Amino acid sequence: MDATPTKPKPSLKNAAAAVAQPSGIGGDAKLRKVAQLALLANRAKEAEASESDATPNSNSSVESSPINKLKAVTQTIIATQQLQQDIHSAEAAKDNGLSPAQALTRLTGIMFDQVPPSIPLFLHKPLVDLVTLLDSVSATIESIKASLDGIIHWEAIVNSLFITCAVFCAWFVGYWNLGLGWVFVIMFFVNGAYRRNMQRVKGKVGVETARILGLKKLENDTETVEWFNQFLKKFWVQYEPSLSASLKNTIDPILASSKPAFLDDLALTVFTLGSEAPRIDQIKTIMLTSDDVLVMEWNLLFVPVDEDGVSKRQKELGNVRHSMIEVMAKLGKGVVAIPIPILVEHIEVRSNLRLEFKFVSKYPHISKIEYMFTETPVVDFTLRPLKGLDMMDLPGLKNSLNQILSYALSGYVSPFKNYIDLDAMFNGTGAEVPVGVLKVTFHEAKGLKNRELAGISDPYVLIRLGGKEVARTKTIGNSLNPYWGQTLFVPVFSTHLNFSHDSPMDVLEFEVFDDNDAQSDKSMGVASSVQLSRWVKLLDRKPAEKIDEVAPAAEKLASSSSTTPTPEPVPVSITETPKSLSCGEDLTAEESETLITEWGPPTDDSGSDVWHRLTTREAISSKDKKLDMGSLRLEMAFLPVTTLEALQAKSTTTQPSSSQPPSASTPTSDKPPTPDLTSRASTDTLFQQQPKASNGILTVTVHSGKEFNGSKVNSLKCDVLMNDLQHPWVLCGSTPAVKKSNNPTWDTPVRFYIANTETSSIKISVKDGTREFGDIQMEVSGIVASLISKETTAVDWYKVTGDTGKIRLTFQWHPIDPTYLGDKSMSSARQPKGIIKFKLVKAKSLVNVEIMGRKSDPYAKIHIGHSTLGATLVKDNTLDPVWNETFFGVVYSKTQSLLIELWDYNNMKKDQSLGFVELKFEDILKFNEPVETQSKDMQKYINDGLKVEFSGTTIRVLAPVYLQKVDLENEKSEKEALKEKAKSSDVISPTTETVPRDSKNIRAALLQRGFLYFDFEYYEVLGRDAHVMPLEAEQYEFIDRMKSSVVKEISRLRKLAEVKVLSLEEAASRIDEVTKKGYVGDMDADRIELLSLPQPSNVMQAHDSGILRFHVYATQGIAKHINGYVDIRLDGETCFSTRIHKQVRDLSWNTTADICIRSIENQVVTIHLLDSKDGENKSPADQEIGVWNGFLTSLLGHKKKWIALFSESSEYGAEVKLNVSLGYLPINTPLSDTIHNSGMLYIDLHSATNLEAVDNGGTSDPYCLVHINDDLVHKTHIHKKNLNPIFNESINIPIKSRLKSTINFILKDYNAIGKHTTMGTAEFDLMEIKSGELLKIAVPLKGARSGQLNLSLFFDYHTGGAGGSLGRIVTNTVDASARLDKREDNAALKLTKGLGHGAVGTIKEIGKQFKAPPKQSQNQTFSAVERATTLGAEVRDLTKSVPKSCC
């Protein structure tokens, strides 16, 4: 019989895969259950088939059919239930995070892989819920336990619960009459639990008590570790010989590589540390709040063997050895070399070592060990040349050697920490991984103090990073104003930027030294340090969706014509935020502003060169503002490195199409410039292409050498040198010397910066002492190419030319990240923020530092940050000087400090400090805030009498003057000082309540003497859309072409509309579109931004005052060597002067100056190129090489413009040119009332009225004295017996600087016998007189009961001034500005000059007694009224209202 065809069986694998992914079941369990279910179903089908196919006579088949069917159905039901149970359990585990099997395990303590079948399905979820409830209750108890644990121990609470439970159970037993036996049973269980719990309480209390007492002991006491010293003593005997041998093998190559040329050999013959083991005298643990840091201080001792305590038997056995080092120096060469032994023994070292352990969770669980000496270790030894007399007994030698040792150990003494990076050692992360290059350009220094006794210092600059020297500049000989013009590249590693918060590993500092051959170099000053990791964080930019760049200039300034439209602002997308380059918290806005102001942005070519004041380390720590040791000008940038893989990934990234306009989804910063069809080929150079990573850090590791020829190899070492097309071979590093080996092993890495891989080469020179074996020369481009092709570190043996030897080298290339090289987002970050108009009014009750009955001769220096505003005139013989001088300066940040230094002027000795005032602008502006929120310095100033008054835009300040030294001469008593302070405090009314002072504050107030009065106004710079940025000639040509193309396009569209090719509506729409865009066609964002820049003429017309940004580049066409410098003058005054270039023809400065301009309209600028006579100082007698004179408008907005300098002689060249740039940053407030600083002052003395009668007869004999800056310039006639004299005298006075000039009128009564009596005074600030305006005023007299002086004043800037036609009055007032640029001479020279000045001054004073006061002839003078009438000036009559400045 034919078999019935059956359908193919379902695939078991397919059936399992069909339900292989239900949620909540693991893959293996699902597959197993589904496979079981499918197998049972298949068996049931087979049973049915066999039943239908069986014959009716087959009893067995009939009998087996129901049984088999029942079995199959039963197994199928069981498998289905098991599958449902697993799915239900998985869902429960998904909901509660716990499976029923796990819940059962938690309840019973028995491990279950799955729930037993005996437990019904409906109990699975209650099991999970019960365990979850128990966990919740346990968590609640733990939270309550944590909150109560500080008040009472949890075990005590549990004991209370036990007792409560026992009482309840006893009540329960008595209530139900269960019998006394149950009470004993309950007491038995409760007593056991109570005893066990009390034992826990006692143990916990004992441990906690011991722990607290131990911590308190650690805070105050130290502990000895004699057990460890005994172990070290036994261990040292076995370990010292191998340690001494290892150290000898390490030191020998160092001595051989550093030996002088006159020695044939320098080696260790004996080196032993002795049999006396080092000791740990005591250990102290310093408690910190951080749980992952442990700090310990170990007091270490290493002392010689005490022979008194050593037995004779031990000496005979040789168990006692002194520490001994014997150095053999062979003087001479070859066979005539003379061996000279030098013996150092009995070495003793005492030190205090601080260790800091940083713990982590991963192996080895200590990531870093930082160590440093808390103080300089004490080292003592005996020094015996030729094994003779101890040289340490010679006078002075021990101190000199101790100074050398202290300098050598200074990098290991606090605060400089060193470290052992265990994480890098055990996990292979690599501690010395380059992360970037620090680019430092040293321009110049000025005003350095001479450190030579005979001659002039030879300065160089040393760079320290983490307390260790990393680079130094070249030495400039015989100069106190050196110019280096040198750029240094310092590799920066990950350890410099990733460290603990208080570690100084990232501290960057610059120190100037005087180079000396015969003795150690002397410090000439150190600049304030900076944390490199914080400064580098300025490169961490924040992401943004979109930003609008330059706003339309036409909306902000004057409107433009329709043919010169301004394009719309273009939304620019910001790229993704890069990974932070350093650890630590993000910078605050205030910290970022401070870092940029003081150090400039870290981007390359930012042009932010900054002046840093130099002082001593002691002055920095004590904040002593007196020790000014000069200034250092430098510029820094940080260039991060990347990997070759990342660089290749960037280079293969698809760039957006250049034909598409920029959009939000297309970052314009990564888009290359698109050529414009309307521009010529020359405009392709207007924008820089994306920089290539052709520079970076190359690491050359010299591993080993082999097969070197020569049977007598003395000491082999390798020098790694680098050069390019512009520079010769430069030594980058050397390996240590390996002695007596033809197969040396060095394993020395040398890292250095490569500026251009295409033009650079390296050379590995192999030397045996001074003899050169040979070298290996390679092109850097080939090395980089091989690294890229291999995609791994290149390791190979290279043959040495000139020898049979080979060297095994490893190369690693870390290219500079081109993302940061092309990032110009911060290039203009260090922009001026505003202008300050500072007026120094007066000082009161200054300290007297003079002797012999004289008083101090005070003057002031004013500084903002690192820049200097100027110096005042010297006020002779007074402790209450009145200056009334005005200064203008540029402010880069409100976090900058205003520093006013007061000095006593001396001709015969060094100027002495009278004190200082230092306040931050932001602190002054926050004066009205609560005292608790002020800084500590500000609180001290407030407690000592600081008062600030806000009057409109003017801020008036009364500040206490703090002395810079304690041992003052001629100090006044405490009572007198407090009286003067109370008297002075009433001058300016405070705007807030006076801060109460306690006895401590009053005592601290005695550290200050006097008060200083000043006021200032701050004018903020407008936004970038109003700045005039300098552009090159090609860029102006491009702008003109774009404007012309727009005009042509509009004309074309109008013609098409006229011939009706376009409709009027369509033509008008397209004209509006072109006018609105400002250009025709498509254009990239950079060029659109260029077209949106405001026109210089519009900016000048809208804003007359602001900041000029002069940039002086270089000269050309000079025919001979000169000591050249550029002097820029506005209104006849020097506003900026470059450094002096010594004996060169091609002068190059590349320097920027920010100059405050009070009125740019019709402002004339004069640029002088001068030749200094002595090459060091600038003087009015310097030879003029050329001059350029013209309006600022002809230079404004031009970049790198060559201007021809006019010269009457062709001695220095037929056509001398100067390359300059000029930008403009306007302010919103005009300062036109302060312009025209020099000119002629016309004064009409009309009369005096209602004078006080000072004579006995009830009358007076008045006359008037006129002073300019304390110099007498005019004396009127004497009017006998007249209280209302009519003078009618005119005076013409040439004024050099109105900002520094004050006019004083003194009315006196003439007496034939005796001293003339003062009847009153009147003072007037010349800045109150507007130029070109006639001022009529009646000035009340100070110091008099009645009376006023009637005047007419007129200032004409067209006449007179510094070189006016009417001449200049010679004054005796000293201008202290010379103290700013020129350092004081040494004591002998200054004494000689002082004697000369003193003799001349004495002769002048004697001559004054016989010479009549100066008086101008009325025939040669002009009346102020007449002069003003002639010029048609306006008249301002104030005879009825007197201004406050005159009172």
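See the structure shown above.
Novice: What is the right way to look at the overall build of the protein in this model?
Specialist: What the protein contains, in helices and strands, is 30 helices and 55 strands. The buried share of the protein, taken over its 1447 residues, is 44%. Pairs at least 24 residues apart make up 71% of the contacts formed inside the protein by residues separated by at least 6 positions. Carbon and sulfur atoms make up 55% of the accessible area of the protein, which totals about 76100 Å².

Novice: Just checking my understanding: could you explain the packing of helix α24 (residues 1033-1058) against helix α25 (residues 1064-1077) for this structure?
Specialist: Each pair of packed helices can be summarised by the angle the axes make with each other and by the distance between the axes. Their axes nearest at 9 Å, the elements α24 and α25 cross at an angle of 175 degrees. Between α24 and α25, the angle falls in the class roughly antiparallel. Taken together, the residues of α25 that come into contact with α24 (itself represented by V1046, E1049, I1050, R1052, L1053, R1054 and A1057) are L1064, A1067, R1070, I1071, V1074 and T1075. Grouping the constituent residues of the contact of α24 with α25 by class yields eight nonpolar, one polar and four charged.

Novice: Would you mind showing me how to read the side chain of N1123 here?
Specialist: In this fold, N1123 is placed in strand β39 (residues 1122-1130). Exposure remark for N1123: the relative accessible area of 7% places this residue in the buried category. Filtering out sequence-adjacent residues up to four positions away, N1123 remains in contact with I1140, H1141, K1142, Q1143, L1170, D1171, S1172, K1173, D1174 and G1175.

Novice: Sorry, what's going on with the sheet that holds strand β52 (residues 1317-1325) here?
Specialist: Remark on secondary structure: sheet strands pair via backbone hydrogen bonds, oriented parallel or antiparallel. Overall, antiparallel pairing links the four strands, which are arranged β49-β48-β51-β52 in an open sheet. Since the sheet does not close on itself, it has two edges, and those belong to β49 (1271-1275) and β52, each with one partner. Going from strand to strand, the sheet's axes swing by 25 degrees on average, the running direction of each strand aside. Pairing geometry for strand β51 (residues 1302-1309) and β52, over eight bridges, is antiparallel. Its bridge partner being in β52, N1304 is matched across the sheet by E1323.

What counts and how
For every chain, the first residue of the written sequence is number 1, and numbering continues from 1 onward in sequence order. Only residues with pLDDT of at least 70 get local features here, since the model is predicted, and only at 80 or more are side-chain atom pairs given and counted; chain-wide, interface and lining totals rely on the full set of residues. Side-chain figures throughout are based on the complete set of non-hydrogen atoms in the structure, without hydrogens or water. Secondary structure elements are taken from DSSP: a helix is a run of H or I of four residues or more, a strand is a run of E of two residues or more, and numbering for both begins at the N terminus. Partly exposed residues are those whose accessible area sits between 20% and 50% of the maximum for their type, while under 20% is buried and over 50% is exposed, using a 1.4 Å probe and protein chains only. By definition, residues are in contact when any of their heavy atoms lie within 4.5 Å. Values of accessible area rely on a 1.4 Å probe in the Shrake-Rupley scheme; residue burial ignores everything except the protein chains shown. Axis lines are fitted through C-alpha atoms, for helices just across the contact stretch, and the angle between N-to-C directions can take any value from 0 to 180 degrees. Put simply, angles under 35 degrees are roughly parallel, angles over 145 are roughly antiparallel, angles from 65 to 115 are roughly perpendicular, and the rest are oblique. Gly is placed with the polar residues, together with every amino acid not listed as nonpolar (Ala, Val, Leu, Ile, Met, Phe, Trp, Tyr, Cys and Pro) or charged (Asp, Glu, Lys and Arg). One requirement defines pairing of two strands: DSSP has to find at least two bridges between them.

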